[in-house]
Amino acid sequence: MDLSALQRTIAEFNEQARQGIDLLFGKGASAFDRFYGDSAHAGPNNCMGPLETPPFYVIRITAGNMGTLAGLKTDAVGRALNGNGHAIDGLYAVGNDMANVFQGACPGGGITLGPGMTFGYLAGLHAADRLSARPVAAV
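Our subject in this report is the structure included herewith. Going along each chain's sequence as written, the residues are numbered from 1 onward. Totals for whole chains, interfaces and linings use all residues, but because this is a predicted model, local features are given only for residues with pLDDT of at least 70 and pairs of side-chain atoms are given and counted only at 80 or more. Note that water and hydrogens are dropped before the side-chain values are worked out from all heavy atoms of the structure.

1. Focus: the overall build of the protein chain
Strands here mean DSSP runs of E at least two residues long; helices mean DSSP runs of H or I at least four residues long; both are numbered from the N terminus. From N to C terminus, the protein chain includes three helices and two strands. Moving toward the C terminus, one meets the helices and strands of the protein chain in the order α-α-β-β-α. When each of the 139 residues of the protein chain is scored for burial, the buried share is 17%. In what follows, a contact means two residues having at least one pair of non-hydrogen atoms within 4.5 Å. A separation of at least 24 residues holds for 51% of the contacts in the protein chain among residues at least 6 apart in sequence. Residue-level accessible areas treat just the shown protein chains as cover; the underlying method is Shrake-Rupley with a 1.4 Å probe. For the protein chain, the computed accessible surface area is about 10500 Å², with 60% contributed by carbon and sulfur atoms. Accessible area is worked out with a 1.4 Å probe on protein chains only. A residue is then buried under 20% of its type maximum, exposed over 50%, and partly exposed in between.

2. Considering the packing of aromatic side chains
Two aromatic rings, taken as a pair, are described by how far apart their centres are and by the angle between their planes. Pairing of aromatic rings covers Phe, Tyr and Trp, the last counted by its six-membered ring, and requires centre-to-centre distances within 6.5 Å; plane angles under 30 degrees mean stacked, over 60 mean edge-to-face, and any other angle means tilted. For the structure shown, the criterion picks out two aromatic pairs. With a centroid separation of 5.1 Å and 65° between ring planes, the pair formed by Phe32 and Tyr36 is classed as edge-to-face. Like Phe32, the residue Tyr36 is exposed in the burial classification. Taking 4.9 Å as the distance between ring centres and 90° as the angle between the ring planes, the aromatic pair formed by Phe35 and Tyr36 counts as edge-to-face. With a relative accessible area of 62%, Phe35 lands in the exposed category. Residue Tyr36 is classed as exposed on the basis of its relative accessible area of 58%. Here the aromatic residues Phe32, Phe35 and Tyr36 are joined through ring pairs into a cluster of three or more.

3. Focus on the pattern of salt bridges
In what follows, salt bridge is the name for a side-chain nitrogen of Lys or Arg lying within 4 Å of a carboxyl oxygen of Asp or Glu. Here the structure, examined in full by the defined rule, presents four salt bridges. Put simply, Arg18 and Glu52 hold a salt bridge, and the shortest N to O gap is 3.0 Å. In this pair, Arg18 is assigned in helix H1 (residues 3-19) and Glu52 in the loop between helix H2 (31-35) and strand S1 (79-81), connecting sequence segments 34 residues apart. Across the pair Asp75 and Arg79 runs a salt bridge whose closest N-O atoms are separated by 2.5 Å.

4. Structural notes on the side chain of Gln16
Looking at the element boundaries, Gln16 is found in helix H1. The exposure class of Gln16 is buried, given its relative accessible area of 14%.

5. Quick look at empty space enclosed by the protein
If a probe as big as a water molecule is rolled over the atoms, it shows which places are left empty. A 1.4 Å probe that fits into a set of points on a 1 Å grid over the protein atoms alone but cannot get out defines a cavity; an open set with protein on both sides within 12 Å along at least five of seven lines defines a pocket, and lining residues are those with an atom within 4 Å of a point. Grid points are joined across faces, edges and corners, and a volume is the space filled by probe spheres set on the points. Enumeration over the complete set of coordinates arrives at one cavity of 30 Å³ or more. Its volume calculated, the largest cavity comes out at about 70 Å³. Taken together, the residues of the lining of the largest cavity sort by class into six nonpolar, six polar and no charged. Charged means Asp, Glu, Lys or Arg here, nonpolar means Ala, Val, Leu, Ile, Met, Phe, Trp, Tyr, Cys or Pro, and polar covers whatever is left, Gly included.

6. Here's the deal with the pairing of strand S2 (residues 87-92)
What makes two strands pair is DSSP finding at least two bridges between them. With two bridges connecting them, S1 and S2 associate as antiparallel partners. Of the residues in S2, the one forming a bridge with Arg79 is Tyr92. Here S1 hands over to S2 after five residues, with Gly85 in that stretch at a positive phi of 85°.

7. Topic: H1
In this model H1 runs 25 Å from its N-terminal to its C-terminal C-alpha over 17 residues, within 8% of the 24 Å that 1.5 Å per residue would give. Within H1, burial applies to Asn14, Gln16 and Ala17. Mapping the buried residues of H1 onto a view down its axis gives an arc of 165°, with all of them on the same face. Of the residues one or two after H1, Gly20 is the one with positive phi, at around 80°. Multiply 1.5 Å by the residue count of a helix minus one, and that product is the helix's expected span. The arc in question is the one traced by the directions running from the helix axis out to the C-beta atoms.

Okay, structure coming up:
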């Protein structure tokens, strides 16, 4: 990461955020954007605010295309099923690794996010319950 480029980018973004105008992406330019913005934000544009309080983190984001309409079949708690439809002990699948809950349809982008969170939660609860039922080994 080029530190001087990052500092320049943050300074430019902060100046635009203080003015409430996003010259690069137009955040907050429409009523639709503002409807989904942060209603508690007191700045001139509720879709953006200055980046002032560290810590800051940098990640590389690249364009990509990913879609899945198939995956491992699971039971109601996210346990992967074998070819006979029986749960495989200790193997869970959620999100993009799980068969689509819409049975191969794709109603829109991000469709695996809600089921991924839901089944991740259920699988975690199930796995934790299974672990708590096992005797603890003496150390």
